[in-house]
Amino acid sequence: MSAARSTPSSFPGFPAEALRFLEGLARHNTREWFQEHKADYEAQARGPMLAFVEALNEALSKFAPSWMTEPKKALFRLNRDTRFSADKSPYKTELGARFGTSQGPAAESAGFYVSVSPKGVGVGAGCYMADTPQVAALRTRIATDHVAFRRLVEERAVTKAFGALQGERLVRVPKPFPAEHPAADLLRLKQACFLVTLPVELVTSKRLVPEVAERFRLGAPLVTWLAKTLA
């Protein structure tokens, strides 16, 4: 695990009961079970998650203040949208939050993401939900600025923290760009994001905030570049 540069946080990590709640929810994903354990959810999971988001906001204030997000707005709903899914389980089995600028369309596309579950700590930075005009804007800028973009996403410290740039890609380079374009691999992107899953042991550790915040810091140049491109 990398040594985070962020200022130590007062957030001590999640209580072990948070993971036990999520494990129980995964085994008994029904509304009846959740109602019986709603007090546990509020005290052991949602409450600490709000505190975790607040601690990450404090970290963001130092390098990406525009992405600070009010904790209750940052949290994803625990309820799943099952309308178009074969899986009718009513609840997600992880706690998640998103930090996004409130200015323009980029509020829905360029930002930071974190999740906590018994599987580990998910950390993301970049663009995961761009609409068709935004994808077009992304490709247009990559076509003319691909050297700088490639340098940004392949910077050694960033790839050490996240791995390679991720995102759904087309099979072929889309028109009007030539198939032999030097950025052909990048022009096929429909998303552009860094994603990594950190060990579950981090969930209950005081190292949680510094480790996540450091990855937010390293992902901030990509998020800023995307926000300017997609706005």
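Residues numbered from 1 in each chain as written. Predicted model: local features only at pLDDT ≥ 70, side-chain atom pairs only at ≥ 80, totals over all residues. Heavy atoms only, no water.

### Observations concerning the sheet that holds strand β2 (residues 110-117)
Part 1 of the reasoning: If you trace the 4 strands from one edge of the open sheet to the other, you get β1-β2-β3-β4, paired in antiparallel fashion. Single-partner strands in this sheet number two, and they are β1 (95-100) and β4 (192-198). Mean inter-strand twist for the sheet, computed between neighbouring axes without regard to direction, equals 10 degrees.
Part 2 of the reasoning: Those strands touched by helix α8 (residues 208-230) are β1, β2, β3 (120-127) and β4, and its axis lies near 20 degrees from that of β3. (Pairing = 2+ DSSP bridges. Helix = DSSP H or I, 4+ residues; strand = E, 2+ residues; numbered from the N terminus. Axes fitted to C-alpha atoms, helices over the stretch in contact; angles between N-to-C directions. Contact = heavy atoms within 4.5 Å.)

### Overview of the nonpolar core
Part 1 of the reasoning: Ranked by size, the top nonpolar core spans 71 residues in total, and within it F14, F52, F112 and V114 carry the most contacts.
Part 2 of the reasoning: Looking at this core element by element, the count peaks at 13 residues for α8.
Part 3 of the reasoning: Beyond its immediate sequence surroundings of up to four residues, F112 is in contact with L60, A64, W67, A97, R98, F99, G124, A125, F216, G219, A220 and V223. (Core = buried A, V, L, I, M, F, W, Y, C linked by side-chain atoms within 4.5 Å. Buried < 20%, exposed > 50% of the residue type's maximum accessible area, 1.4 Å probe, protein only.)

### So, the packing of helix α1 (residues 16-27) against helix α3 (residues 38-63)
Part 1 of the reasoning: Running from N to C, α1 and α3 point in directions that differ by 130 degrees, and their axes come no closer than 8 Å. Our classification of the angle between α1 and α3 gives oblique. Crossing angle aside, the handedness with which α1 passes α3 is left-handed. Mapping the contact onto sequence places E17, A18 and F21 in α1 and D40, Y41, Q44 and A45 in α3.
Part 2 of the reasoning: For the contact of α1 with α3, the class distribution of residues is 4 nonpolar, 1 polar and 2 charged. (Parallel < 35°, antiparallel > 145°, perpendicular 65-115°, else oblique. Left-handed = near helix turned anticlockwise from the far one by under 90°. Nonpolar A, V, L, I, M, F, W, Y, C, P; charged D, E, K, R; others polar.)

### Things to note about α3
Part 1 of the reasoning: Here α3 is 26 residues long and its end C-alpha atoms lie 36 Å apart, about the 38 Å a rise of 1.5 Å per residue gives.
Part 2 of the reasoning: Taking the largest bend as the criterion, α3 deviates by roughly 30 degrees, centred on R46, and proline P48 comes between one and four positions later.
Part 3 of the reasoning: For α3, every residue scored as buried is listed here: Y41, A45, P48, M49, L50, F52, V53, A55, L56, N57, A59 and L60.
Part 4 of the reasoning: Where α3 is buried, its residues contact α1, α2 (31-36), α4 (71-74), β1, β2 and α8. (Expected span 1.5 Å × (residues − 1). Bend = angle between axes of the 7 residues up to and from the residue.)

### Quick look at the pattern of salt bridges
Part 1 of the reasoning: Using the criterion set out here, one finds 11 salt bridges in the structure.
Part 2 of the reasoning: Residue E154 is joined to R150 by a salt bridge in which the shortest nitrogen-to-oxygen separation is 3.7 Å.
Part 3 of the reasoning: By relative accessible area, which is 21% here, R150 ends up partly exposed.
Part 4 of the reasoning: Between R207 and E211 there is a salt bridge, with the nearest N and O atoms lying 3.7 Å from each other.
Part 5 of the reasoning: Judged by relative accessible area, E211 falls into the buried class, the value being 2%. (Salt bridge = Lys/Arg side-chain N within 4 Å of Asp/Glu carboxyl O.)

### Observations concerning the environment of L187
Part 1 of the reasoning: Along the chain, L187 falls in helix α7 (residues 184-187).
Part 2 of the reasoning: Judged by its relative accessible area of 0%, L187 is buried.
Part 3 of the reasoning: Spatially, the C-alpha atom of L187 lies 34 Å from that of E70, the residues being 117 residues apart in sequence.
Part 4 of the reasoning: In this structure L187 touches R139, I142, A143, V173, P174, F177 and H181, once residues within four positions along its chain are discounted.

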